[in-house]
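Each chain, written out:
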Amino acid sequence: MTTTSPTPTEEAPGAGSPPPRPGGWSTLRPLVLRLHFYAGLFVAPFLLVAAVTGLLYAASFQAEKTVYAHELTVPDVGERKLPVSEQVAAARQAHPEGTVSAVRPSPEADATTRVLLSGVEGVDPDHTLAVFVDPYTAKVRGALEQYGSTGALPLRTWIDEFHRDLHLGEPGRLYSEFAASWLWVIAGGGLVLWFSRRRARRKLRGTSGRRRTLGLHGTVGAWVAAGFVFLSATGLTWSTYAGANIADLRVSLGQTTPSVSASATGGGEHAGHGAASGAGGDAGHGVGLDKVLAAARSEGLGDPVEIVPPADASSAYVVQQVQRSWPEKQDSVAVDPATGQVTDVLRFADYPVLAKLSRWGIDLHTGSLFGLPNQIALMLLAASLILLIVWGYRMWWQRGRGSAFGRPVPRGAWQQVPPALLVPLLAAVAVLGYFVPLLGIPLVAFVATDVVLGEIAHRRGRRTYPGGVTAKK
């Protein structure tokens, strides 16, 4: 047999390098390196799409304010706002189609009131038609399709759906869940590899070629790894499969998000239909919107709020704060339409811990929690991920030798891990893969492919061992 060793690289020490110290990490490092390499190679295209669309979404909040300034703001701030009922009447006169599903009174002096209509022909059933009304003159300033609890208008909605499912519906959501499932693995593996390298090898000044690319990739990755892990964890909370498992776990722990009782008779158990139950309601039912809003104000609900009409004759009005910026305002009350009395109150302070963390995590992930600084931070994270992907592929290119484009990391690393460490590791990966299936299933596929390729190489009489040594028959 003859053996040939590759040129020393940052991953495979050369002959002059001291041998690695024995221990758990010295045997695990090649395995982590190979997983990081292959995961980055095959998952990176999905991450690239998620990063580009995420960057666009973070910028869409400010773009929305500019594009829809006519609808969102009033030309002149008056001395006194008209009753909400008059503003709704003006919206219904201009747009009698559909039914009033909610009303968002003007939250600021220069902001318009939104009257949300459901069941409007030509509007997505999951969306509403938002009619914008000047609160001082009751003049309708326009109508736009709106989506979600954050009140996303067409521009942000389009980008949001592009980021979430590539406009492919439920099947398209698999791409984003796949990316979120692997982002934390790639980030965590890269961070561990970066810290394991000798300090001298982390220097950028005076380096060139592949070593400089590796330095840039590792240094930037180390700085933003925590942000990637956060985006991955929060993104999985509303994914299709992992999100369902997380929801089941919260139910079993009694940590679901509560909702105010929408029964007109009260009950106070926060287990009613919630704010979403008002679709198809009557905005002028019972005591009317103005007295309902006054009752909510008496309970301390400040702007911005959303008023949801009763769903039926036995339901109450629901008034809920909808501020997603810090500090969160998520208190809600139910108001009896016959008497105007508050029948139930739910404070955000009383939410279970995991419900609060979920709310904060989602709002931080989407750029709502801290406003513009939050959005800038998200754009920087997205830009960093794009750079890391480009540098990663460049390193793969530079790793080639002669005509061997993109020489992979040597296989067989798992064989060097002691059973006492490998068995618990495999058990942990199996449990994690079960709860995060778009991590577990591709991982099994990666391993199976690697085994098959290794067997093919063995049958051809050429096998690559850990350390970069190639054996020929």
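Attention in this report is confined to the structure presented alongside it. The structure presented is a predicted model; accordingly, all values stated were derived computationally and were not measured. (Residues numbered from 1 in each chain as written. Predicted model: local features only at pLDDT ≥ 70, side-chain atom pairs only at ≥ 80, totals over all residues. Heavy atoms only, no water.)

## Examining the overall build of the protein chain
Where we set the bar: Helix and strand assignments follow DSSP, with helices taken as H or I runs no shorter than four residues and strands as E runs no shorter than two, numbered in order from the N terminus. Accessible area is worked out with a 1.4 Å probe on protein chains only. A residue is then buried under 20% of its type maximum, exposed over 50%, and partly exposed in between. Any pair of residues with heavy atoms lying within 4.5 Å of one another is described as a contacting pair. What sets the accessible areas is the Shrake-Rupley method with a 1.4 Å probe; for residues, cover comes only from the shown protein chains.
Counting secondary structure elements, the protein chain contains 12 helices and 11 strands. Looking at the protein chain as a whole, 46% of its 473 residues are labelled buried. At a minimum sequence separation of 6, the contacts of the protein chain that also span at least 24 residues come to 63%. Here the protein chain has roughly 23,700 Å² of accessible surface; of this, 64% comes from carbon and sulfur atoms.

## What to know about helix H8 (residues 289–298)
Counted only if it meets this: Each C-beta atom gives one direction from the helix axis, and the arc is the one those directions make.
Along H8, the positions that sit buried rather than exposed are Leu 289, Val 292, Leu 293, Ala 295 and Ala 296. The arc that holds every buried residue of H8, seen down its axis, measures 155 degrees, which confines them to one face. Residues of H8 that are exposed and point over 90 degrees away from its buried face: Lys 291 and Ser 298. Lining the buried residues of H8 we find helix H3 (84–94), strand S2 (99–104), strand S6 (305–308), strand S7 (317–321), strand S8 (332–335) and strand S9 (342–346).

## As for the pattern of salt bridges
Two side chains of opposite charge can pair, provided their charged atoms sit close to one another. For the record, the criterion: Whenever Lys or Arg places a side-chain nitrogen within 4 Å of a carboxyl oxygen from Asp or Glu, that contact is recorded as a salt bridge.
The tally for this structure, following the rule as stated, stands at nine salt bridges. Its salt-bridge partner being Arg 297, residue Asp 303 comes within 2.7 Å of it at the nearest N-O pair. Owing to a relative accessible area of 32%, Arg 297 belongs among the partly exposed residues under this scheme. Linking Arg 324 and Asp 363 is a salt bridge whose minimum nitrogen-to-oxygen distance equals 3.3 Å. In this pair, Arg 324 sits in the loop between S7 and S8 while Asp 363 sits in helix H9 (residues 353–366), placing the two residues 39 residues apart along the sequence. The same class applies to Arg 324 as to Asp 363, namely buried. Counted as one network, the salt bridges with shared partners bring together Glu 299, Asp 331 and Arg 347.

## Looking at the pairing of S8
Note the cut-off: Note: two strands are recorded as paired if DSSP finds a minimum of 2 bridges between them.
Neither face of S8 is exposed, since Ser 332 and Ala 334 on one face and Val 333 and Val 335 on the opposite face are all buried. Here four bridges tie S7 to S8, and the two strands are oriented antiparallel to one another. Residue pairing in the sheet places Val 319 in a bridge with Val 333 of S8. Two elements, S8 and S9, share four bridges in a ladder whose sense is antiparallel. Of the residues in S9, the one forming a bridge with Val 335 is Val 342.

## Some remarks on the pairing of strand S4 (residues 128–133)
Of all six residues in S4, six are buried, a share of seventy percent or more. Burial of S4 is two-sided: the residues Thr 128, Ala 130 and Phe 132 facing one way and the residues Leu 129, Val 131 and Val 133 facing the other way are all buried. Across five bridges, the pairing between strand S3 (residues 113–118) and S4 is antiparallel. In the strand pairing of S4, Arg 114 is matched with Phe 132. With six bridges joining them, S4 and strand S5 (residues 140–146) adopt antiparallel strand pairing. Of the residues in S5, the one forming a bridge with Phe 132 is Gly 142.

## Brief notes about the environment of Leu 369
Turning to its location among the elements, Leu 369 is positioned in the loop between H9 and helix H10 (371–399). The exposure class assigned to Leu 369 is buried, which follows from its relative accessible area of 4%. Once the C-alpha coordinates of Leu 369 and Ser 325 are considered, the two residues, 44 residues apart in sequence, prove to be 4.1 Å apart. Leu 369 has contacts with Arg 324, Ser 325, Trp 326, Glu 328, Trp 360, Asp 363, Leu 364 and Asn 374, leaving out every residue within four places of it along the chain.

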